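This is what each chain is made of:
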Amino acid sequence: MTDSLVFCPDPHRRVVAVPAFDDNYLWLVLSPDHRRAAVVDPGDAQAIETALASRGLTLNAILLTHHHRDHAGGVLALKARWSCPVYGPQGERIEGVDHPLDEGDRVSLAPLDLQLRVIAVPGHTRGHIAYFAEQLDDGDSPALFCGDTLFAGGCGRLFEGTPAQMLDSLSRLSALPDATRVYCAHEYTLANLRFAAAVDPENAALQARLAQAQARRARGEPTVPGEMAAERATNPFLRTHLPALRAAAARHLGRAPADASECFGAIRDWKNQFR
Ligand code: ZN
Ligand code: FE
């Protein structure tokens, strides 16, 4: 297992992480000349204003993945200040959204030279969407902004959806190209990988990723973004079809899971109880 599969430094100079609250990442996507920006999931308007001002950026668009306050709480203040369009999930009522989006929709932000495809990923919330960019610069790797659906080494809790819905959503994200950078919305990686190591103890790639994530956190660095190949190799919620994870689900249930979604649901339930 090469190190590059486990962690790749972020090659997208157009993406900037804005930390907020305890463990959120709000993402700015810059125009190629680094003068304009779109923001994904601005839970905290002030954190975004500070980041824009420090870089001399104007805000041209707001993109939302789902309705939770730590993702959408800054929308109205930012919209009032910048008069920019607000994109968000059609299936959720979020104040300020004027461009509702659903599966397969495309967002084309010409001033930012940014094209995104919408992927519907219900499970964490009923209408949750993700945004996928084939590339941000010529020859670049793809980028995925997936909110609270897929995390580095884990996945979001099922607040409004079923295990079957979340499994389907994650399967579709898992089919994206290996090199896709996964811009999730929280720094949950260490807790996720510790749980992953408990349910998938023979996975050497996972042990290597955990060690690297621990080293990065010890240096105060983010572990996000990871890349999709590493998620497929180490994230238990993308691996519930494999014998090791089915065996883990059986340990939790006390019997073999009846089907894929029961297996997924058992692993998700175990994570909720894991300390
Ligand atoms: Zn959420
Ligand atoms: Fe969140």
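As the structure is a prediction and not an experimental result, all values here were calculated from the model. (Residues numbered from 1 in each chain as written. Chains lettered and ligands numbered in written order. Predicted model: local features only at pLDDT ≥ 70, side-chain atom pairs only at ≥ 80, totals over all residues. Heavy atoms only, no water.)

> What is the right way to look at the coordination of the zinc ion (ligand 1) in this model?
Tetrahedral coordination by four donors places them ideally at 109.5 degrees to one another around the metal; octahedral coordination by six donors ideally gives 90 or 180 degrees. Around the zinc ion (ligand 1), the protein supplies His66 (NE2), His68 (ND1), His124 (NE2) and Asp148 (OD) as donor atoms, at distances of 2.2 to 2.3 Å. Linear spacing of the donor residues for the zinc ion (ligand 1) on their chain is H-x1-H-x55-H-x23-D. Here the iron ion (ligand 2) and the zinc ion (ligand 1) are spaced 3.3 Å from one another, each receiving a donor from Asp148. Pair noted here: His66 is in the loop between β4 (58–63) and α3 (69–72) and Asp148 is in the loop between β10 (143–147) and β11 (150–151), with a separation of 82 residues, a long-range link. According to the relative accessible area criterion, Asp148 is buried, its value standing at 4%. (Donors = N, O, S within 2.8 Å, 3.2 Å for Na, K, Ca; no water. Helix = DSSP H or I, 4+ residues; strand = E, 2+ residues; numbered from the N terminus. Buried < 20%, exposed > 50% of the residue type's maximum accessible area, 1.4 Å probe, protein only.)

> Looking at this structure, I do not really get unusual backbone geometry. What am I missing?
Glycine aside, the phi torsion of most residues is negative, and most peptide linkages are trans. With omega at 5°, the peptide bond leading from Val224 into Pro225 counts as cis. Among the structural elements, Pro225 can be located in the loop between α7 (204–218) and β14 (226–227). With phi around 60°, His34 is a residue other than glycine that occupies positive phi space. The topology assignment puts His34 in the loop between β2 (24–30) and β3 (36–40). On the basis of relative accessibility, which here comes to 27%, the residue His34 falls in the partly exposed class.

> So what exactly am I meant to see when it comes to empty space enclosed by the protein here?
Applying the stated criterion across every chain yields a total of two cavities of 30 Å³ or more. Considered as a void within the structure, the second largest cavity measures approximately 30 Å³ in volume. As for the second largest cavity, its lining consists of Tyr25, Trp27, Val40, Asp41, Phe145, Cys146, Gly147, Tyr183, Cys184 and Ala185. For the lining of the second largest cavity, the secondary structure elements donating two or more residues are β2, β10 and β13 (181–184). Classifying every residue of the lining of the second largest cavity gives eight nonpolar, one polar and one charged. (1 Å grid on protein atoms, 1.4 Å probe; cavity = no way out; pocket = protein on both sides within 12 Å on 5 of 7 lines; lining within 4 Å. Points joined across faces, edges and corners; volume = space filled by probe spheres on them. Nonpolar A, V, L, I, M, F, W, Y, C, P; charged D, E, K, R; others polar.)

> I keep staring at the confidence of the model for the chain and nothing clicks. Help me out?
Reading fine detail from the predicted coordinates is not recommended where pLDDT is low. For the chain, per-residue confidence averages 95 on the pLDDT scale, and residues scoring 70 or more make up 97% of the total. pLDDT under 50 marks residues 1–6. Its contacts with residues more than four places away, or in other chains, come to 13 contacts. (pLDDT = per-residue confidence, 0-100. Contact = heavy atoms within 4.5 Å.)

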